[in-house]
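# Structural description and commentary
For reference, the chains in residue letters:
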Amino acid sequence: MREKNLRVLEFPKIREMLAEYAVTDTGKEKARALMPSGEAETVRRWQAQTEEAMTVFAYAGANPMAYFTDVRPYLRLAEIGSTLSPKALLDVAETYKASRIVRAALVTEREDTPYLTELGSRLTTNRNLEEEIFNAILSEEEIADRASAELYEIRRHIRLVNERVRDKLNAIVRSSETQKYLQDAIVTMRNGRYVVPVKAECRQSVPGIVHDQSATGSTLFIEPMALVEAGNELKQWSLKERQEIDRILAEFTARVAPDAPMLRVNLDILGEADLIFAKAALARAMHAAPPKINERGSVNLIRARHPLIDPDKVVPSDLWLGEDFTTLIVTGPNTGGKTVTLKTVGLLALMAQAGLQIPAAFGSELAIFDEVFADIGDEQSIEQSLSTFSSHMTNIVAILAGVTENSLALFDELGAGTDPTEGAALAMSILEHLLERKVRTMATTHYSELKMFALSTPGVENASVEFNVETLRPTYRLSIGVPGKSNAFEISRKLGLPEFLIENAGKRLSQDEVRFEDVIANAEYHRQVAQKERALAEQAALETTRLRDEADRLRREMENRRAAELKKAREEARKVLQKAQRQSEQMISELKKIRTEGVKEHELHALRKQMQDAIDENSDVVRPVENVPEQAPQDVNVGDTVLLTTLGMKATVLSKPDHKGEVAVQAGAIKTKAHLSQLRMAKPEVSEKKKKAVASGKVSMSMRPVETECDVRGMNLEEALHCVDMFLDGAIINKLKVVTVIHGKGTGILRAGVHKHLKQNPAVQEFRLGRYGEGEDGVTIVTLK
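Residues numbered from 1 in each chain as written. Predicted model: local features only at pLDDT ≥ 70, side-chain atom pairs only at ≥ 80, totals over all residues. Heavy atoms only, no water.

### Some remarks on the overall build of the protein chain
Heads up, the rule is: Numbering of helices and strands starts at the N terminus; helices are DSSP runs of H or I of at least 4 residues and strands are runs of E of at least 2. Throughout this description, buried means an accessible area under 20% of the type-specific maximum (1.4 Å probe, protein chains only), exposed means over 50%, and partly exposed covers the range between. Throughout, a residue-residue contact means that at least one pair of heavy atoms, one from each residue, lies within 4.5 Å. Per-residue and other accessible areas were derived by the Shrake-Rupley procedure at a 1.4 Å probe size, with only the shown protein chains allowed to occlude residues.
The helix and strand inventory of the protein chain stands at 23 helices and 25 strands. Per-residue burial for the protein chain yields a buried fraction of 41% across its 785 residues. Partitioning the intrachain contacts of the protein chain with sequence separation of at least 6 by distance along the chain shows that 67% fall at a separation of at least 24. When the accessible surface of the protein chain is totalled, it reaches about 43,000 Å², and 52% of it is carbon and sulfur.

Given below as structure tokens:
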């Protein structure tokens, strides 16, 4: 790609935007040097890498790149034997760390990032050396005591000597004999030696070595003689410390040098990874989408936006080229967006071929071009004595010399800057030549001749940008298939040009020109009307879809609610039936035991029928009710019997309707709220079965033989207490004094619960656990009053 064409289409600005999203200097360098590729395989690989980076963003939630410094200069120093500074070694360790972090982020078990996984697998790490450097070097100016055993021992001696020196100095400073010779009672350092400030006239009174004096000469900084030997010792240990630090740095440098080739490879890979993730970050910021890449020369942009225009102001455009036609002529008024359209197509093509996603909708498609030529803007040169027309023609000559059938050629105001007739003729000749060579071409113009050329030439299509004459503002919408109108007369009239001048200008136009412009205006008017009607139809369709979805949602909610209520009702009924079944089985079991005592078989059958009738009656709670009114009641009263249409159950009204039209109802054991529209009036039922069952129960109770034992084993506590109460009532009626409750041993829950219940029963005089032969702890003997 030629740098001039990239500059005209503002691709360098995109590179600068990309560099802002790079984390490292190496990545920024690669971003600023990014060039579009003309190889389809390369472009597809770059696009796949960017899309994989978007996937990693989605998984990780952030950019996985770690910062590192370009350490290639340090690596060269290490290879030639120089000792690296602490800062250089820390930067090398940061590179090791970045390689490790990026490798861990890219080399995963995911199968949807093959390119990035392969890229990360090429990174080499050396964690041992990385951690040793970080542990030994705390900062650019500080080496850790534990960097080596020798350094630790040296610094321990330095601390001891320092403590001795400070103790002696403090003693000197605090001494009453010495204080009168001192300028200040402080300790300071000069040339790495501890000194005290002595008055100049008292020099002979404080023996020692003078290391410095004040600017006025009134103060001498003297190292007392008593500290000279300790100071010399401290100096020796400091030299040893410096030598040991140099040895440690040299050792680390020697270990880094063999890794220099590997680190250079890592730097290239990290820079490439940084560039890929910068592309993904830029795509996220632009709300961009991956384009489909083809080699047919086809362009199909859906809601494409120029990436350098404010996203809140840019108007998306749909544009296609290369299938039914290869040349597109864009017409319309000035400032209408024609040039922006050209730049959008050219810039998006360059971005796609550089591996960048484009600011357009999903499904947009771009071809691979070997070059994107652009003659846009006025590049006249005073130095070269080139006019506007000459400048444009120079560019066009260069384009025609380098263009191929795989190129994209963009011309702004083709043929302008000279006589309109000659300019239009030249423009048509150039476009016809490019059409014959099957070059994908876009050109903007004001010439009516070019509009006619597009209408009459196969492979050439008109397009126009809209302009609102009422507001004198462009809408920037592109319409393919309709030529544009310059609207010079209408704009002039709105701006206040006298009407007689406009009419005079209109008379100078030929009838064919007037007719042609009127046809264009009429076509444009009907197109805009059709577009508005289509927008209204689409809006109505969306509203219909929304209402349908809302209705479906409400229906599903009602069905789910009905199913849940039915499930709850059936569960309640199942519990009632299970309890009734246990009671009936217990009664039948007892009757079998006493069959030999005179109970007849027909009585046993009657009791079974009574239990079955009770079960059938309970089952009616969830049985659908038939023969109910189809209309919902307008009002209901407390106590009315109604049918819940959502549950298919009868219920009793518990409250009057509230302001929402909702009433409280009870269906069996279920209490709920329902709207009047969900109710139907139903007739209350008087259950004859229930009356018979009650009557039968009374007869059965009076005919039941006397029992002295109550077995509650296998029941839960609530059932057991209910059974014990019924048993005690029968015992009292039959005037029994001592009875037995069999609760079993088990965990003791039944026994404790029965005992607590017996304590609260006023008919019980006393109770105790059974003795040997009575059942021991498994029974309770109850004495009644």
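### A look at the sheet that holds strand 4 (residues 193-199)
So the rule is basically this: For two strands to count as paired, DSSP must find a minimum of two bridges between them. Each axis is a line fitted through C-alpha atoms, taken for helices only over the stretch in contact, and angles between the N-to-C directions span 0 to 180 degrees.
Reading across from one edge, 3-4-6-5 is the order of the 4 strands in this open sheet, with antiparallel pairing throughout. For this open sheet the edge positions go to strand 3 (188-190) and strand 5 (208-213), each flanked by a neighbour on one side alone. Across the sheet, the axes of successive neighbouring strands diverge by a mean angle of 50 degrees, strand direction being ignored. In the sheet, strand 5 pairs with strand 6 (residues 219-224) via 5 bridges, with the strands oriented antiparallel. Residue pairing in the sheet places valine 210 in a bridge with isoleucine 222 of strand 6. Docked against the sheet, helix 9 (residues 149-174) engages strand 4 and strand 6, running at close to 10 degrees with respect to strand 4.

### A look at the sheet that holds strand 22 (residues 709-711)
Judged by pairing direction, the sheet is mixed, and its 4 strands sit side by side in the order 22-23-25-24 without closing on themselves. Two strands close off the open sheet at either side, each with one partner strand: strand 22 and strand 24 (764-769). Within this sheet the neighbouring strands show an average axis-to-axis angle of 20 degrees, counted without direction. On top of the sheet, helix 22 (residues 717-733) reaches strand 22, strand 23 (738-742), strand 24 and strand 25 (779-784); it is set at about 165 degrees to strand 23, its chief contact. Contacting strand 23, strand 24 and strand 25, helix 23 (residues 749-759) crosses the sheet at an angle of about 160 degrees to strand 24.

### Quick look at the nonpolar core
Just so we agree on the cut-off: To form a nonpolar core, buried Ala, Val, Leu, Ile, Met, Phe, Trp, Tyr and Cys residues must be joined to one another through side-chain atoms within 4.5 Å.
Grouped together as the largest cluster of nonpolar side chains are 53 residues, with contacts concentrated most on Leu328, Met351 and Met442. When residues no more than four places from it in sequence are discounted, the contact partners of leucine 328 are Leu319, Leu321, Thr441, Met442, Ala443, Glu461, Asn462, Ala463 and Ile480. Of all hydrophobic cores here, the second largest spans 45 residues; its members include Val56, Phe57, Ile245 and Ala257.

### What about the pattern of salt bridges?
Applicable threshold: Definition used for salt bridges: Asp or Glu carboxyl oxygen within 4 Å of a side-chain nitrogen of Lys or Arg.
Evaluated as defined, the whole model comprises 31 salt bridges. Close ionic contact of arginine 264 with glutamate 79 constitutes a salt bridge, the shortest N to O distance being 2.7 Å. Placement of the pair is arginine 264 in helix 12 (residues 260-286) and glutamate 79 in helix 5 (residues 72-79), with a sequence separation of 185 residues. The partner of arginine 159 in a salt bridge is aspartate 145, and the shortest N-O contact between them spans 3.5 Å.

### Topic: the packing of helix 4 (residues 40-60) against helix 13 (residues 338-353)
Heads up, the rule is: For classification purposes, angles smaller than 35 degrees are called roughly parallel, those larger than 145 roughly antiparallel, those between 65 and 115 roughly perpendicular, and all remaining angles oblique. Three categories are distinguished: nonpolar for Ala, Val, Leu, Ile, Met, Phe, Trp, Tyr, Cys and Pro, charged for Asp, Glu, Lys and Arg, and polar for the others, with Gly belonging to the last.
Direction vectors running N to C along helix 4 and helix 13 enclose 80 degrees, while the axes themselves pass 8 Å from each other. Classed by the angle they form, the pair helix 4 and helix 13 counts as roughly perpendicular. Touching Val43, Trp46 and Gln47 of helix 4 are Met351, Ala352 and Gln353, all from helix 13. When its residues are assigned to classes, the contact of helix 4 with helix 13 shows 4 nonpolar, 2 polar and no charged.

### Observations regarding the state of the cysteines
Stated precisely, the cut-off is as follows: The term disulfide is used for any two cysteine sulfur atoms that are within 2.5 Å.
Counted according to the given criterion, the structure contains 0 disulfides. Of the cysteine sulfurs around cysteine 723, a residue in no disulfide, the closest is that of cysteine 710, at 3.8 Å. For cysteine 723, a relative accessible area of 12% puts it in the buried group.

### With respect to the packing of aromatic side chains
We apply this condition: A pair of Phe, Tyr and Trp rings is counted when the ring centres sit within 6.5 Å of each other, with Trp represented by its six-membered ring. The angle between the planes then sorts it: under 30 degrees is stacked, over 60 is edge-to-face, the rest tilted. We call a charge positioned above a ring when the Lys NZ or Arg CZ atom is no farther than 6 Å from the ring centre and deviates by at most 35 degrees from the ring normal.
In the structure shown here, the tally under the stated rule is 1 aromatic pair. Seen in terms of ring centroids, phenylalanine 57 and phenylalanine 277 are 5.9 Å apart; in terms of plane orientation they differ by 85 degrees. Their pairing is edge-to-face. A residue pair is termed long-range when its members are at least 10 positions apart, and phenylalanine 57 in helix 4 and phenylalanine 277 in helix 12 qualify at 220 residues. Phenylalanine 277 shares its class with phenylalanine 57; the two are buried. Between the NZ or CZ atom of arginine 146 and the centre of the ring of tyrosine 152, over which it lies, the distance is 4.1 Å. Here the guanidinium or amino end of lysine 279 rests over the ring plane of tryptophan 46, the centre of that ring lying 5.0 Å away.

### Description of helix 15 (residues 420-436)
One full turn of an α-helix is made of 3.6 residues, so residues set three or four places apart face in the same direction. We count it as follows: One less than the number of residues in a helix, times 1.5 Å, gives the span that helix is expected to have.
Between its first and last C-alpha atoms helix 15 spans 24 Å; for 17 residues at 1.5 Å apiece the expected length is 24 Å, and the two agree. Note on helix 15: the residue one or two positions beyond its end, lysine 438, has a positive phi of about 60 degrees.

### Notes on the side chain of serine 298
When you line up the elements, serine 298 lands in the loop between strand 7 (292-294) and strand 8 (299-304). Discounting chain neighbours no more than four positions away, the residues touching serine 298 are Leu321, Gly322, Glu323, Glu365, Leu366 and Ala367.

### Some points on unusual backbone geometry
Its identity is not glycine, yet histidine 287 carries a phi of approximately 55 degrees, on the positive side. Overall, the relative accessible area of 65% leaves histidine 287 in the exposed class. Positive phi outside glycine occurs at lysine 438, with the angle close to 60 degrees. For lysine 438, the location among the structural elements is in the loop between helix 15 and strand 14 (440-445).

### A closer look at the pairing of strand 18 (residues 649-653)
Where strand 17 (residues 641-644) and strand 18 come together, 4 bridges link them in antiparallel fashion. Residue leucine 644 lies in a different strand from strand 18, and its bridge partner there is methionine 649. Two elements, strand 18 and strand 19 (residues 662-667), share 2 bridges in a ladder whose sense is antiparallel. Pairing of valine 653 across the sheet is with valine 665, part of strand 19.

### Some details on the pairing of strand 23
The buried count for strand 23 comes to 4 of 5 residues, which makes it a mostly enclosed element. Across 5 bridges, the pairing between strand 23 and strand 25 is antiparallel. Each bridged residue has a counterpart across the sheet, and for valine 741 the counterpart in strand 25 is threonine 780.

### Quick notes on the environment of serine 205
With respect to the helices, strands and loops of the structure, serine 205 is situated in the loop between strand 4 and strand 5. Take serine 205: its relative accessible area is 37%, and that puts it in the partly exposed class. When the C-alpha positions of serine 205 and glutamate 177 are compared, they lie 9.9 Å apart, and in sequence the two are 28 residues distant.

### Re a nonpolar patch on the surface
Test applied: Within this analysis, patches are made of residues with over 30% relative accessible area and no salt bridge. Like charges are joined at 9 Å or less; nonpolar side chains (Val, Leu, Ile, Met, Phe, Trp, Tyr) at 5 Å or less.
Together, Leu497, Phe500 and Leu501 give the surface a local cluster of nonpolar side chains, amounting to about 290 Å² of exposed area. The residue leucine 497 is located in the loop between helix 17 (488-494) and helix 18 (499-507) in this model. Judged by relative accessible area, which is 38%, leucine 497 ranks as partly exposed.

### Some details on the side chain of threonine 445
Heads up, the rule is: The term polar contact refers here to a pair of N or O atoms within 3.5 Å; inside protein, the definition further demands a hydrogen-donor-capable atom paired with an acceptor-capable atom, and it admits residues adjacent in sequence only when both atoms are side-chain atoms.
Relative to the elements of secondary structure, threonine 445 occurs in strand 14. Of the residues examined, threonine 445 reaches a relative accessible area of 1% and is grouped as buried. Reaching out from threonine 445, the side chain makes a polar contact with the backbone nitrogen of tyrosine 447 at a distance of 3.0 Å. In contact with threonine 445, other than residues within four places in its own chain, are Ile329, Val330, Thr331, Gly332, Lys338, Glu413, Leu414 and Leu450.

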